[in-house]
Amino acid sequence: MFSQWQLRAAFARRLSDMYGREVPAYTTLVDVSHEVNEEVLREQGADAERLGSIGRVTAERHGAIRVGTPEELQQVARVFGALGMHPVGFYDLREAAASAIPVVSTAFRPVDGEELARNPFRVFTSMLTPADPRFFDPDLRARLENFLAGRQLFPPELLALADRAEAAGELSDTDAERFLHLAVQVFELSPEPVDKAWYETLEQVSAVAADIGGVRSTHINHLTPRVLDIDALYRRMTERGIEMIDTIQGPPRWKGPDVLLRQTSFRALAEPRALRTPDGSVISGALRVRFGEVEARGIALTRQGRARYDALLARVDELAARDPQADRADVARALWAAELPDTEQALAAQGLAHFTYHVVPDRPADGSRPPAGLDELLSQGWVRAEPLVYEDFLPRSAAGIFQSNLSDEGSRHHDRTGIAYDSAWLSGAIGREVLDPFDLYEEQQNRSLGRVARELALDGLPG
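Every value quoted in this text rests on a predicted model; they were computed, and no experiment measured them.

The rules behind these values
- Residues numbered from 1 in each chain as written.
- Predicted model: local features only at pLDDT ≥ 70, side-chain atom pairs only at ≥ 80, totals over all residues.
- Heavy atoms only, no water.
- Domains from an automatic or database assignment.
- Contact = heavy atoms within 4.5 Å.
- Buried area = accessible area lost by both parts, 1.4 Å probe.
- Salt bridge = Lys/Arg side-chain N within 4 Å of Asp/Glu carboxyl O.
- Polar contact = N/O pair within 3.5 Å; in protein donor to acceptor, adjacent residues only side chain to side chain.
- Nonpolar A, V, L, I, M, F, W, Y, C, P; charged D, E, K, R; others polar.
- Helix = DSSP H or I, 4+ residues; strand = E, 2+ residues; numbered from the N terminus.
- Buried < 20%, exposed > 50% of the residue type's maximum accessible area, 1.4 Å probe, protein only.
- Arc of directions from axis to C-beta.
- Phe/Tyr/Trp six-rings, centres within 6.5 Å; stacked < 30°, edge-to-face > 60°.

This part covers the domain arrangement of the protein. Under the domain assignment, the protein is made up of domain 1 (2-300 + 391-432) and domain 2 (305-385 + 448-456). A separation of 31 Å is found between the C-alpha centroids of domain 1 and domain 2. With 16 residues of domain 1 at the interface, the matching set in domain 2 holds 19 residues. Carbon and sulfur atoms make up 64% of the surface buried where domain 1 meets domain 2, a total of about 1,500 Å² over both sides. Of all residues in domain 1, Pro-252, Trp-254 and Arg-396 give up the largest surface area on contact with domain 2, accounting jointly for 35% of the area buried on that side. The interface formed by domain 1 and domain 2 contains three salt bridges. Ionic pairing is found between Glu-344 and Arg-50, a salt bridge with its closest N-O pair at 2.7 Å. Scanning the region where domain 1 abuts domain 2 turns up five residue pairs in polar contact (both at pLDDT 80 or more). Grouping the constituent residues of the side of domain 1 that touches domain 2 by class yields 10 nonpolar, two polar and four charged.

Before going further, it helps to spend a moment on unusual backbone geometry. With the exception of glycine, most residues fall at negative phi, and the peptide bonds are largely trans. If you check the backbone angles, Leu-260 has positive phi at about 55° while not being a glycine. Inspection of the secondary structure puts Leu-260 in the loop between helix H11 (230-239) and strand S9 (261-276). Despite not being glycine, Ala-457 shows a phi value in the positive range, around 55°. Here Ala-457 lies in the segment after helix H18 (437-455). Take Ala-457: its relative accessible area is 55%, and that puts it in the exposed class.

This paragraph deals with helix H17 (residues 423-430). Listing the buried residues of H17 in full gives Leu-426, Ser-427 and Ile-430. For H17, the angular spread of the buried residues around the axis is 105°, confining them to a single face. Turned more than 90 degrees off the buried face of H17, the exposed positions are Ala-424 and Gly-428. Of the surrounding elements, those touching the buried residues of H17 are helix H4 (70-81), strand S3 (86-92) and strand S4 (103-109). N-cap assignment for H17: the residue whose side-chain oxygen lies 3.2 Å from the backbone N of Ala-424 is Asp-422. One or two positions beyond H17, positive phi appears at Gly-431, with a value near 70°.

Applying the stated rule across the entire model yields 16 aromatic pairs. Judged by centre distance (6.3 Å) and plane angle (65°), the rings of Phe-11 and Phe-187 are edge-to-face. With a gap of 176 residues between them, Phe-11 in helix H1 (residues 4-22) and Phe-187 in the loop between helix H8 (173-186) and strand S7 (194-195) connect regions that are remote in the sequence. Like Phe-11, the residue Phe-187 is buried in the burial classification.

Here it is in structure tokens:
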């Protein structure tokens, strides 16, 4: 039998193999990531595995897919539910970039700590918003919704196997093999000719809209390995002649602990595609929609820490606008150094980052009673703190990656009022609760504090 985590790990491997065949530059990205990770491990030793074992980091991937309707997203949720992956977080990319990116998103991932350690595969999943009048007028909306209603992305056999795997928590070897075959096949690039005129109509609004609603299938949009030094990887990819986007998205490189998520990618490649012209003939063309992304993950910030991060980003924007000649990364580094503590201990003490806490088993017995305060437990050696890896995404960074791989900004009517979407709406649309990532980190941290209190016979959680 294949358990859900084994299905998840096998699916991630097969998807990676498939994407490497379709986009050879992705294989280069994976190879360079491995080189960099091995070097960091040699140089830093155990410190390199502070945010996850090298086994986890090497196997780690996140993917990105795009769908057109709530019904399609609901079916995606069933497929990933078979793999023990849940919708976590709501991301509105419409508001996060200057370019026209008419999608809202969530990420499917494991949520249990042990499951994440086994295989942390996650998929950032975006859904088109045809009802938003800032992007689609009534006529185009009607044509787009009619087109989307007429396609089937996920075969019934795949969905039936997915439901069985989710209900039972496992599949037989035979069913698992069939499920994996069908699931990977869904995300391959289809050879079916693309309606050239329809695709170009949507492309005038947004290249992202065309990629979702201009074809009769879906595909893996990018796949992302994890690297321990993203700056070194960026340099090496450039040296190999791979065209990278202009920046590394997210926090700057600085002297303090890595927090949240840093991402970059190579630019979307012009891939050969068959195009059907209005007279019915099929010609050879090229579409530029898929790219290779890489990520470096840091410590999960608390709500308070995230608020400070967002405020710092706004300050960087403000200062960069005042002095366009200034290096944005230098501006960010200076602000980070002034506004964020530069040690894990200080991040924990100020309630800015999430950790799990563990009783030190070999502390010398001196007859003293453990203190009640968390700071004292840490400083006196009763308890050690392990940082929680940030498992999620940043809407501005995700939009920045999307935007950096677009050939133009598309069109948006700023004088029109957009349609409001939020996490509650998305939960209702797919019939599953979209989980709050902050709640998940808080629950994991509080469970560890509860264990500390029980093992040290404290009266309540350490405060």
